[in-house]
Amino acid sequence: MSNDKLYVRQICFLFLAFALPVKLITMPALAAKYAAEDLWISAAINFAPDLAMVFAICMLARKFEGQTVFEIVENKFGIIGKTIFSAAFGLFFLFKAYLPLIEHRNFIEIALYETTPALWIFLPVFLFSAFMSYKGLRGAGRTADIAIWFTVSGIIVIAALSITAADVTNLLPIIDVPFGKIAEGSLNTSIWFFDSPYLLFCLGHFKPEKNQTKKIVFSYLGMALITLVYMAILQSEFGTLTERQFFSPIKMGKYSVSVSNIGRIDYIAVCSIIFSCLFGCCLSLMFSTVCLEKTFRFKHRIIPCLIINGFMAAIIVLTEDYYFLIRTFFQNYLIPVFAFFTLIPLVGFCFKGGKNDKGGLDADGRAGKNGHDDNGLITDEKGRKDKSCAF
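Here the structure is a predicted model, which means the values were calculated and not measured.

About the cut-offs
- Residues numbered from 1 in each chain as written.
- Predicted model: local features only at pLDDT ≥ 70, side-chain atom pairs only at ≥ 80, totals over all residues.
- Heavy atoms only, no water.
- Helix = DSSP H or I, 4+ residues; strand = E, 2+ residues; numbered from the N terminus.
- Buried < 20%, exposed > 50% of the residue type's maximum accessible area, 1.4 Å probe, protein only.
- Contact = heavy atoms within 4.5 Å.
- Areas by Shrake-Rupley, 256 points an atom, 1.4 Å probe, with all protein chains shown as cover.
- Phe/Tyr/Trp six-rings, centres within 6.5 Å; stacked < 30°, edge-to-face > 60°.
- Lys NZ or Arg CZ within 6 Å of the ring centre and 35° of its normal.
- Polar contact = N/O pair within 3.5 Å; in protein donor to acceptor, adjacent residues only side chain to side chain.
- Bend = angle between axes of the 7 residues up to and from the residue.
- Axes fitted to C-alpha atoms, helices over the stretch in contact; angles between N-to-C directions.
- Parallel < 35°, antiparallel > 145°, perpendicular 65-115°, else oblique.
- 1 Å grid on protein atoms, 1.4 Å probe; cavity = no way out; pocket = protein on both sides within 12 Å on 5 of 7 lines; lining within 4 Å.
- Points joined across faces, edges and corners; volume = space filled by probe spheres on them.
- Nonpolar A, V, L, I, M, F, W, Y, C, P; charged D, E, K, R; others polar.
- Salt bridge = Lys/Arg side-chain N within 4 Å of Asp/Glu carboxyl O.

Asks: Mind showing me how you'd approach the overall build of the protein chain here?
Replies: For the protein chain, the count of helices and strands is 13 helices and zero strands. Sequence-ordered secondary structure for the protein chain, helices as α and strands as β, is α-α-α-α-α-α-α-α-α-α-α-α-α. Going through the 391 residues of the protein chain one by one, you find that 56% of them count as buried. Residue pairs at least 24 apart in sequence account for 81% of intrachain contacts in the protein chain once pairs closer than 6 positions are excluded. Of the roughly 17,700 Å² of accessible surface on the protein chain, a fraction of 66% belongs to carbon and sulfur atoms.

Spelled out as structure tokens, the structure:
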């Protein structure tokens, strides 16, 4: 576990660099289909419970200081409880990864290819995802330190180009759409949210810092505000046509005078967002791999990485022509399931907390009971290595 320690800054960047760009591809156009010029309100409604859960998980981090979510569950419900918990969340993250992966494939196809490429061209993404899963949280944190610059610069360039062609009257009148339509837009786009479980599985893996709760909560709030501003600019530029602007980063800004005079400089920003979206799509698969490691024993850590990513690659190949049908299924049946998993951390407040004084290294640098050695391998009370793979 010591090898997977993150800085709080990197936890914040997981939201800002990875979770943010995934929401900009198709979600704004779908929200506009229901809520019209009030599409940003639909998104704000979805951000609110996630923001509350991020705060709640930060409180759990203080209550169970130093403990991972798997250690907390095992201490309260035993090995069987931890296994069920791991398997259930493994499926949750697997389902959560599906829509962003399909959208990212289509996004790349539209942005970078003049003709429709063969599906196999996208499949190497899963080799990259398997590598990211193998490197674990620390690798994701280091990548987030780099990807944040691509995400921020890409959004800034696209927004700057779009503002010159925007008409703010397209946002008026504010709150004129019936609340029922706004709520419908919120419900049908909520499948792109439910990000707080990412933070849940970071428990015990980041170094305590001063004001860490404020930093994490404000980073998620910042992601929400950036998304809302982006959606407002999109609506201002396209008005009643916003609901047709799927893969919006490609559509926004191309009517700017700068683009007409210089060329499609917006494609630099689009490629930056594609780069960050790739990590955002792989993030759920990484956490699904972690859950699989905790559910079954493997001789080598690469095995669950290949299983999860190979399985998802096969699913993408088999279902690529049924995206709209599957998206409707997600919206009709899986939103309550996702909401249930998002609310599970609240159960932690029913139990007594405490610091992790059973795992890790003791004062002499030896692995304690149910601890981890310097290589991140699980050890028993005598410091012997367990055969299972540690995250």
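Asks: Please clarify how the packing of aromatic side chains should be interpreted in this entry.
Replies: Geometrically, a pair of aromatic rings is defined through the distance of the ring centres and the angle of the planes. Under the criterion given, the structure shown has 33 aromatic pairs. Between Tyr198 and Phe287 the ring centres are 5.5 Å apart and the planes differ by 20°, which places this aromatic pair in the stacked class. Placement of the pair is Tyr198 in helix H7 (residues 196-200) and Phe287 in helix H11 (residues 266-295), with a sequence separation of 89 residues. When the centroid spacing of 5.0 Å and the interplanar angle of 75° are considered together, the rings of Phe275 and Phe279 count as edge-to-face. Here Phe279 and Phe275 lie together in helix H11, a separation of four residues that amounts to about one turn. The rings of Phe70, Phe85, Phe89, Phe92, Phe93, Phe194, Tyr198, Phe201, Phe287, Phe338, Phe340 and Phe341 are connected pair by pair, giving a single aromatic cluster. A cation over a ring is seen here: Lys23 above Phe193, with NZ or CZ 5.4 Å from the ring centre.

Asks: What should I look at first to understand the side chain of Lys96 in this one?
Replies: Position of Lys96 among the secondary structure elements: in helix H4 (residues 69-112). A distance of 3.4 Å separates the side chain of Lys96 from the side chain of Asp195, its partner in a polar contact. Not counting the four nearest positions on each side in its chain, Lys96 is found in contact with Phe193, Phe194, Asp195, Tyr198, Ser284 and Phe338.

Asks: Teacher, can you tell me more about helix H13 (residues 323-343) here?
Replies: Within H13, the axis deviates most sharply at Leu334, by approximately 60°, and proline Pro336 lies no more than four positions further along. Along H13, the residues classified as buried are Tyr323, Ile326, Arg327, Phe330, Gln331, Leu334, Ile335, Phe338, Phe341 and Thr342. Of the surrounding elements, those touching the buried residues of H13 are helix H2 (27-35), helix H3 (39-63), H4, helix H6 (179-189), H7 and helix H12 (302-319).

Asks: How should the packing of H3 against helix H8 (residues 212-238) be read in this particular structure?
Replies: Two numbers describe a pair of packed helices, the interaxial angle and the distance between the axes. It is at 9 Å that the axes of H3 and H8 come closest, and there the two elements cross at 170°. When the axes of H3 and H8 are compared, the pair comes out roughly antiparallel.

Asks: Please clarify how empty space enclosed by the protein should be interpreted in this entry.
Replies: Under the definition given, this model contains one cavity of 30 Å³ or more. Taken as a whole, the largest cavity encloses approximately 150 Å³ of empty space. Secondary-structure elements contributing two or more residues to the lining of the largest cavity are helix H1 (8-22), H4, H11 and H13. In terms of residue count, the dominant contributor to the lining of the largest cavity is H4 (five residues). Here the lining of the largest cavity is built from residues that sort into 14 nonpolar, two polar and three charged.

Asks: Looking at this structure, how should I read unusual backbone geometry?
Replies: Peptide bonds are mostly trans, and most non-glycine residues show a negative phi. The residue after Leu172, namely Pro173, is reached through a cis peptide bond having omega -10°. Residue Ile175 is not a glycine yet carries a positive backbone phi of 55°. Among the secondary structure elements, Ile175 is positioned in the loop between helix H5 (124-163) and H6. Judged by relative accessible area, Ile175 falls into the exposed class, the value being 60%. Backbone geometry places Asn211, a non-glycine residue, at a positive phi of 60°. Tracing the chain through its elements places Asn211 in the loop between H7 and H8.

Asks: Even after reading the chapter, I still don't get the pattern of salt bridges, so can you show me in this structure?
Replies: It is possible for side chains bearing opposite charge to pair when their charged atoms get close. Within the structure shown, the criterion is met by nine salt bridges. We note a salt bridge from Glu109 to Arg105, for which the minimum N-O separation is 3.3 Å. One end of the pair, Glu109, and the other, Arg105, are both in helix H4, four residues apart, so they sit about a helical turn from each other. For the residue pair Glu109 and Arg105, the accessibility class agrees, reading buried in each case. Between Lys215 and Glu209 there is a salt bridge, and its shortest N-O distance comes to 3.3 Å. Given the relative accessible area of 38%, Lys215 is considered partly exposed. The structure contains a network of salt bridges with shared partners spanning Lys23, Lys96 and Asp195.

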